[in-house]
Amino acid sequence: MNLRIPGPTPVPESVLQAMTKQMVNHRGKEFGELVQKITERLQGFFQTKGDVLILTASGTGSMEAAVTNTLSPGDEVLAITNGSFGDRFAKIAEVFGAKVNHLSFEWGQPVDPDAVRRALAAHPRLKAVLLVHNETSTGVTNDLKAIAAIVRQHDKLFLVDAISSIGCIPLPTDEWGCDVVLSGSQKGWMCPPGLAFVSFSQRAWAANKTARMPRFYFDLGRAKTILQKQQTPWTPAVSTFYALGVSLELMAQEGLENIHQRHARVARRAREGVRSLGLKLLAPESCASNTVTAVYAPSGVDPLTLRRTLLAEYKIDLAEGQEKLADKIFRIGHLGFVTEADIDKVTAALREALPRLGYRPAASAVPKS
Ligand SMILES: *Cc1c(COP(=O)(O)O)cnc(C)c1O
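Treat the numbers as computed from the prediction; the structure is a model and nothing was measured.

A. Structural context of the site of the ligand. Near the ligand, the surroundings consist of 14 residues, among which S58, T60, T136, D161 and K187 are the closest. Within the side chain of K187, an N or O atom sits 2.7 Å from an oxygen atom of the ligand. The protein chains hide 89% of the 380 Å² of surface that the ligand would expose on its own. When residues of the shell around the ligand are traced back to their parent elements, those giving at least two are α3 (59-68) and α4 (84-95). It is α3 that contributes the most residues to the shell around the ligand, 3 residues altogether. Partitioning the shell around the ligand into residue classes produces 4 nonpolar, 7 polar and 3 charged.

B. Structural view of the pattern of salt bridges. Following the criterion strictly, the structure yields 17 salt bridges and no others. Two residues, R203 and D179, come together in a salt bridge whose shortest N-O distance is 2.8 Å. You can see R203 sitting in helix α8 (residues 202-210) and its partner D179 sitting in the loop between α7 (173-176) and β9 (180-184), a full 24 residues away along the chain. You can call R203 partly exposed: its relative accessible area is 35%. In this structure, D344 engages R269 in a salt bridge whose closest nitrogen and oxygen atoms are separated by 2.8 Å. Here D344, found in helix α13 (residues 340-356), pairs with R269, found in helix α11 (residues 256-276); they are 75 residues apart in sequence, far enough to count as distant.

C. The sheet that holds strand β11 (residues 292-296), seen in detail. In space, the 4 strands of this open sheet follow the order β1-β12-β13-β11, with mixed pairing throughout. Because the sheet does not close on itself, it has two edges, and the strands there are β1 (2-4) and β11. Taking each pair of neighbouring strands and ignoring which way they run, the sheet shows an average axis angle of 30 degrees. As paired strands, β1 and strand β12 (residues 316-320) are joined by 3 bridges and run parallel to one another.

D. Representation of the pairing of strand β10 (residues 195-200) in the model. With 6 of its 6 residues buried, β10 lies for the most part within the structure. Burial along β10 is two-sided: the residues L195, F197 and S199 and A196, V198 and F200 are all buried. When strand β2 (residues 51-56) meets β10, the two strands line up antiparallel, connected through 6 bridges. From the neighbouring strand, V52 faces β10, where its bridge partner is S199. Summarising the sheet, β9 and β10 pair through 5 bridges and their orientation is antiparallel.

E. Main features of the side chain of T9. Residue position: T9 is located in the loop between β1 and α1 (13-18). Look at T9 and you get buried, because its relative accessible area is 4%. Reaching out from T9, the side chain makes a polar contact with the backbone oxygen of Q186 at a distance of 3.2 Å. At 3.0 Å, the side chain of T9 and the backbone oxygen of K187 are in polar contact. Look past the residues within four positions of T9 in its chain and what remains in contact with it is L3, Q186, K187 and L335.

F. Just the packing of aromatic side chains, in detail. Within this structure, the stated rule accounts for 8 aromatic pairs. With a centroid separation of 5.0 Å and 75 degrees between ring planes, the pair formed by Y217 and F218 is classed as edge-to-face. Of the residues examined, Y217 reaches a relative accessible area of 37% and is grouped as partly exposed. Since its relative accessible area comes to 13%, F218 is described here as buried. Residue placement shows K21 over the ring face of Y242; its charged tip is 5.0 Å from the ring centre.

G. Quick look at α8. When we look at burial in α8, the residues that qualify are A204, W205, A207 and N208. Each buried residue of α8 sits inside an arc of 160 degrees when the element is viewed along its axis, so together they form one side. More than 90 degrees from the buried face of α8, the exposed residues found are Q202 and K209. Those residues of α8 that are buried lie in contact with β2, β8 (157-161), β9, β10 and α9 (220-227).

H. Looking closely at the domain arrangement of the chain. As assigned here, the chain comprises domain 1 (12-253) and domain 2 (255-365). The centre of domain 1, based on its C-alpha atoms, is set 27 Å off from the matching centre of domain 2. Facing the 28 residues of domain 1 at the interface are 24 residues of domain 2. Note on domain 1 versus domain 2: buried area summed over both sides is about 2100 Å², and carbon and sulfur give 64% of it. Interface area lost by domain 1 to domain 2 is led by W107, G139 and C168, which between them contribute 26%. For the pair domain 1 and domain 2, the interface holds 0 salt bridges. Where domain 1 packs against domain 2, one counts 9 residue pairs in polar contact (both at pLDDT 80 or more). Listed by contribution, the elements that provide at least two residues to the side of domain 1 that touches domain 2 are α2 (29-46), α4, β7 (140-141) and α10 (238-254). Of the residues belonging to the side of domain 1 that touches domain 2, the class tally is 12 nonpolar, 15 polar and 1 charged.

About the thresholds
- Residues numbered from 1 in each chain as written.
- Predicted model: local features only at pLDDT ≥ 70, side-chain atom pairs only at ≥ 80, totals over all residues.
- Heavy atoms only, no water.
- Near = heavy atom within 4 Å.
- Polar contact = N/O pair within 3.5 Å; in protein donor to acceptor, adjacent residues only side chain to side chain.
- Areas by Shrake-Rupley, 256 points an atom, 1.4 Å probe, with all protein chains shown as cover.
- Helix = DSSP H or I, 4+ residues; strand = E, 2+ residues; numbered from the N terminus.
- Nonpolar A, V, L, I, M, F, W, Y, C, P; charged D, E, K, R; others polar.
- Salt bridge = Lys/Arg side-chain N within 4 Å of Asp/Glu carboxyl O.
- Buried < 20%, exposed > 50% of the residue type's maximum accessible area, 1.4 Å probe, protein only.
- Pairing = 2+ DSSP bridges.
- Axes fitted to C-alpha atoms, helices over the stretch in contact; angles between N-to-C directions.
- Contact = heavy atoms within 4.5 Å.
- Phe/Tyr/Trp six-rings, centres within 6.5 Å; stacked < 30°, edge-to-face > 60°.
- Lys NZ or Arg CZ within 6 Å of the ring centre and 35° of its normal.
- Arc of directions from axis to C-beta.
- Domains from an automatic or database assignment.
- Buried area = accessible area lost by both parts, 1.4 Å probe.

Written out as structure tokens, the structure is:
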């Protein structure tokens, strides 16, 4: 199986094997040492001297934790969105009672930093800014460095969903001044689902002191306190911790810089591959993601039929388009445990399958974005 969705992602054999290990006491010394080791490694990959807390949850749990641990009902936030995960972040803030100002961009286009600057100037009472670094639904990587600089100038709390970017695409948390940065074990970390990661800056802890949104399972203050004993507040996904211990070791051996370069190479290969078939990408090249590529199905070819054909005949599992893009695009995930060879198989399968589904590269007009 060539699992080419943006999470869960394939896992190396040694990481899978780690999960067959017997349970241990999650309040004992052996597990505590694992918690400490993993936490330090994550701080390295997040490039932060701040805290990194590990939650037993999917990525969405970390989004909820980011909101409820820094904000109070009635707080004004700016939710920047250019895809379905940005909308989800905004929705969570709204559900917990924040006053949400939306700054929305077309799906497939990047966030415009100048528009962020104008929005911040227009809303002086904002407490926080919410952004998705890499919009997995559209394959767009936003210019986080530029946006972070603007948020810092205005001295707002900055909550960043980096669930499908950090560990794959450069994101120096402290250098760029991101207060809360989120990820999930099943994205770029070569690990199964089950754990989510949250980095917290000093500014985020200061906000936490007065934040009154309801929280219990995701109380990060409680998580920080018990981390001093190398423990988590509640029973963690012990087997996923075992797996993460091994996958972070593999990542440390490869080195963060090399991992970034590999993702850049593999993503370029994916984009060149689909373009060589005459297909059109959703995202402009300037903001194309290094972890997921969104591709327009050519006119006359139903993306669902295409994905079903690749799965049945080539054992390649591509991701669907989300919401309003469902009948327009398909997505190729290329994050974590992935090489150019995995992508070349996708291109080769598309080359064979598309003509059988009615695609004629020269004659067929590719839809306009
Ligand atoms: C996958 C993803 C999420 C949600 O993660 P779950 O683990 O499915 O809850 C949120 N944001 C982004 C950008 C993602 O890629």
